[in-house]
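Residue-level structural notes
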Amino acid sequence: MKDTQTSGKTYDGFTDEERDAMKERAKELKASARRAPRAAKADGESDVLAKIAEMGDADRALAERIHALVKAGAPALSPKLWYGMPAYAKDGKVVCFFQSAQKFKSRYATLGFNDPATLDDGTMWPTAYALTELTAADEERIAALIAKAAG
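Residues numbered from 1 in each chain as written. Predicted model: local features only at pLDDT ≥ 70, side-chain atom pairs only at ≥ 80, totals over all residues. Heavy atoms only, no water.

Observations concerning the overall build of the chain
Our working definition: Secondary structure elements follow DSSP: runs of H or I no shorter than four residues count as helices, runs of E no shorter than two count as strands, and numbering proceeds from the N terminus. Throughout, exposure labels follow a simple rule: accessible area from a 1.4 Å probe, protein chains only, divided by the maximum for the residue type, with under 20% read as buried, over 50% as exposed, and the rest as partly exposed. Contact definition: two residues touch when any of their heavy atoms are within 4.5 Å.
If you tally the helices and strands in the chain, you get four helices and seven strands. Along the chain, helices and strands appear, N-terminal first, in the series β-β-α-α-α-β-β-β-β-β-α. Every one of the 151 residues in the chain was classed for burial, and the buried ones make up 36%. Counting only contacts in the chain whose residues sit at least 6 apart along the sequence, the fraction spanning at least 24 positions is 46%.

Remarks on the nonpolar core
How we decide: As used here, the term nonpolar core means buried Ala, Val, Leu, Ile, Met, Phe, Trp, Tyr and Cys residues forming a set that is joined through side-chain atoms within 4.5 Å.
In terms of nonpolar packing, the biggest core is built from 28 residues, with Ile66, Leu77, Phe98, Phe113, Leu131, Ile142 and Ile146 touching the most fellow members. Those elements giving two or more residues to this core turn out to be helix H2 (37-54), helix H3 (57-73), strand E5 (93-99), strand E6 (109-113), strand E7 (128-131) and helix H4 (136-150). For Phe113, the contacting residues outside a window of four places in its chain are Val95, Cys96, Phe97, Leu119, Thr127, Tyr129, Leu145, Ile146 and Ala149. The next biggest cluster of nonpolar side chains, apart from the first, holds five residues, and it includes Trp82, Ala87, Val94 and Phe97.

Some details on H3
As a reminder of what qualifies: For a helix, the expected span equals 1.5 Å multiplied by the number of residues minus one. The directions considered for the arc run from the helix axis to the C-beta atoms.
Counted at 1.5 Å a residue, the expected span for H3 with its 17 residues is 24 Å, and the 24 Å between its end C-alpha atoms agrees. Along H3, the residues that are buried comprise Asp59, Leu62, Ala63, Ile66, His67, Leu69 and Val70. Down the axis of H3, the sector holding all buried residues measures 160 degrees, keeping them to one side. Residues of H3 that are exposed and angled more than 90 degrees away from the buried face: Asp57 and Ala72.

As structure tokens, then:
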């Protein structure tokens, strides 16, 4: 039997937050199809900065630092929104993304990496990192991961 609860947590197995993220992704795809390739990078940057500005204080501070680290260490990555989250792409494929804690009502924000990041390290490696704050050592590690992912 299908779960069709609409005022609670799930609808057909997806939470309200997951459904909202899918709707945002559909909007992003439509907007992307309408943009000229040259305008996409500039618009992606402004979209990402606007999304970061909407975040709560703690998430915004983390997202701003991640954005700065990506811009400084991997300027070839293009900022874009991906499921309503700030993301950074190489050749049109999302390499890494920031997910605010607030978005999915989690206790921590997440910095995630997709397959194109090729962070391979032996037979097992992390592809997502929980973030509660960023120390100088954390930023150094993140910068190295981003540089490797962009390489």
